[in-house]
Amino acid sequence: MTAINTGIEVRRIGGRIGAEVTGIDLAAALPADLVAELGAALLAHKALFFRGQDLSDADHTRFAAHFGDLTGAHPTVPSVPGQPHVLPVDGEKGVRSNRWHTDVTFVPAPPKATSLRSLVVPPYGGDTLIANSAAAYEDLPGHLREFTDRLWAVHTNDYDYLQPPANEAVAEYRTAFASRTYRTTHPVVRVHPETGERGLFIGAFARSIVGLSTSESADILRILQEYVTRPENVVRWRWAPGDLVLFDNRITQHYAADDYGDLPRLLHRVTIAGDIPRGTNGESSRLLEGDEAVHYTNS
């Protein structure tokens, strides 16, 4: 457990990722030194967890804005009515993110960080898992790491789902999600703009490797993804009502366990705008299809 000079405590809960923060009320005004401490803890631990926060959407949005400009709720999916920065993550409407992913990597400038707040949680299941992609990169054998440093991947929101929609609400969500197609090439190894760490920047929206066939791409992405989701690189959070989770979207992936059947589960998401990724050679990501998503990133 680490005590810091603002009176909060940051306690590691995973060997490679994750810390719980106590002694803080996120609904209160946060002084600059406390925000700085939280920012440093986020860079160190990749994911921060806050229990028992009684927040409104306005409180949640105000807290997230301490860490930078906010994005819109989503490039294609509607926000909570009257809350343009808040995305409803509603299991009853088919929003079940049970694929490992980094948020919104199909646009040129994915979010810097993601905050999730629980409103309704099932009595069992529905945990969120978050993986440290920098630790995954360090786990790669040297020759595989050197090979991966040179790879670029195409990320898109337009791809075939493995299962048909379960109901009309799920079908409507999928239609909205792909209503505007984006395709962007990102480096497979992204250099973190603040820490300089290298992390595997892949996940479910990464559909192919530039210059390789579909089958070759699938094999390489599968191998790399297995390093990301090694148990030692993952922290698992059991939600309780009022919890808030903040994670660095530039160097993590996450997954929502879809193991709660027809029970309700509702989270609200607010994301902080990020920069355009750069690879190990300094080159930036490039848009292939769609627009620059200015309506999303500059909201």
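Look up: the structure comes first, before these words.
In this report, we go over the structure that sits alongside the text. Source: prediction; values computed, not measured.

Cut-off values and rules
Residues numbered from 1 in each chain as written. Predicted model: local features only at pLDDT ≥ 70, side-chain atom pairs only at ≥ 80, totals over all residues. Heavy atoms only, no water. Pairing = 2+ DSSP bridges. Helix = DSSP H or I, 4+ residues; strand = E, 2+ residues; numbered from the N terminus. Axes fitted to C-alpha atoms, helices over the stretch in contact; angles between N-to-C directions. Buried < 20%, exposed > 50% of the residue type's maximum accessible area, 1.4 Å probe, protein only. Contact = heavy atoms within 4.5 Å. Salt bridge = Lys/Arg side-chain N within 4 Å of Asp/Glu carboxyl O. Phe/Tyr/Trp six-rings, centres within 6.5 Å; stacked < 30°, edge-to-face > 60°. Lys NZ or Arg CZ within 6 Å of the ring centre and 35° of its normal.

In a beta sheet, neighbouring strands are held together by backbone hydrogen bonds and run either parallel or antiparallel to one another. The strand order across the open sheet built from 3 strands is E13-E7-E15, with neighbouring strands paired in antiparallel fashion. Each edge of the open sheet is held by one strand with a lone partner, namely strand E13 (234-237) and strand E15 (252-256). Direction aside, the axes of adjacent strands within the sheet are offset by 20° on average. Bridging between strand E7 (residues 128-132) and E15 involves 5 bridges; their strand directions are antiparallel. Residue pairing in the sheet places Ile130 in a bridge with His254 of E15.

This part is about the sheet that holds strand E9 (residues 183-187). Reading across from one edge, E12-E8-E9-E17 is the order of the 4 strands in this open sheet, with antiparallel pairing throughout. The strands lining the two open edges of the sheet, one partner per strand, are strand E12 (206-209) and strand E17 (286-289). When the angles between neighbouring strand axes are averaged without regard to direction, this sheet yields 30°. When strand E8 (residues 152-156) meets E9, the two strands line up antiparallel, connected through 5 bridges. Of the residues in E9, the one forming a bridge with Thr156 is Arg183.

This part takes up the environment of Glu289. Within the element layout of this structure, Glu289 appears in strand E17. By relative accessible area, which is 35% here, Glu289 ends up partly exposed. Put simply, Glu289 and Phe49 are 240 residues apart on the chain and 36 Å apart in space, counted from C-alpha to C-alpha. Filtering out sequence-adjacent residues up to four positions away, Glu289 remains in contact with Thr181, Tyr182 and Arg183.

Non-glycine residue Lys46 carries a positive phi angle of around 75°. You can see Lys46 is positioned in the loop between helix H1 (32-45) and strand E4 (47-50). Accessibility expressed as a relative area gives 5% for Lys46, which makes it buried. The backbone phi angle of Ala293 is positive, close to 60°, even though this residue is not glycine. Here Ala293 is to be found in the loop between E17 and helix H7 (294-297).

Attention shifts here to the pattern of salt bridges. Counted according to the given criterion, the structure contains 19 salt bridges. Between Glu283 and Arg286 there is a salt bridge, with its nearest N and O atoms 3.6 Å apart. The class of Glu283 is partly exposed, set by a relative accessible area of 38%. Accessibility expressed as a relative area gives 39% for Arg286, which makes it partly exposed. A single salt-bridge network, built from bridges that share partners, covers Asp127, Arg236, Arg238 and Asp259.

The next point concerns the packing of aromatic side chains. One pass over the full model with this rule turns up 6 aromatic pairs. Here Phe50 and Phe63 contribute two aromatic rings whose centre-to-centre distance is 5.9 Å and whose plane-to-plane angle is 75°, an arrangement assigned as edge-to-face. Here Phe50 is found in strand E4, whereas its partner Phe63 is found in helix H2 (residues 57-64), with 13 residues between them in sequence. By relative accessible area, Phe63 is classed as buried at 1%. Within the aromatic cluster, the residues linked to one another by ring pairs are Phe50, Phe63 and Phe67. In this structure, Arg190 packs its charged tip against the face of Phe201, placed 5.0 Å from the ring centre. Between Arg286 and the ring centre of Trp152, over which it is positioned, the NZ or CZ distance is 4.7 Å.

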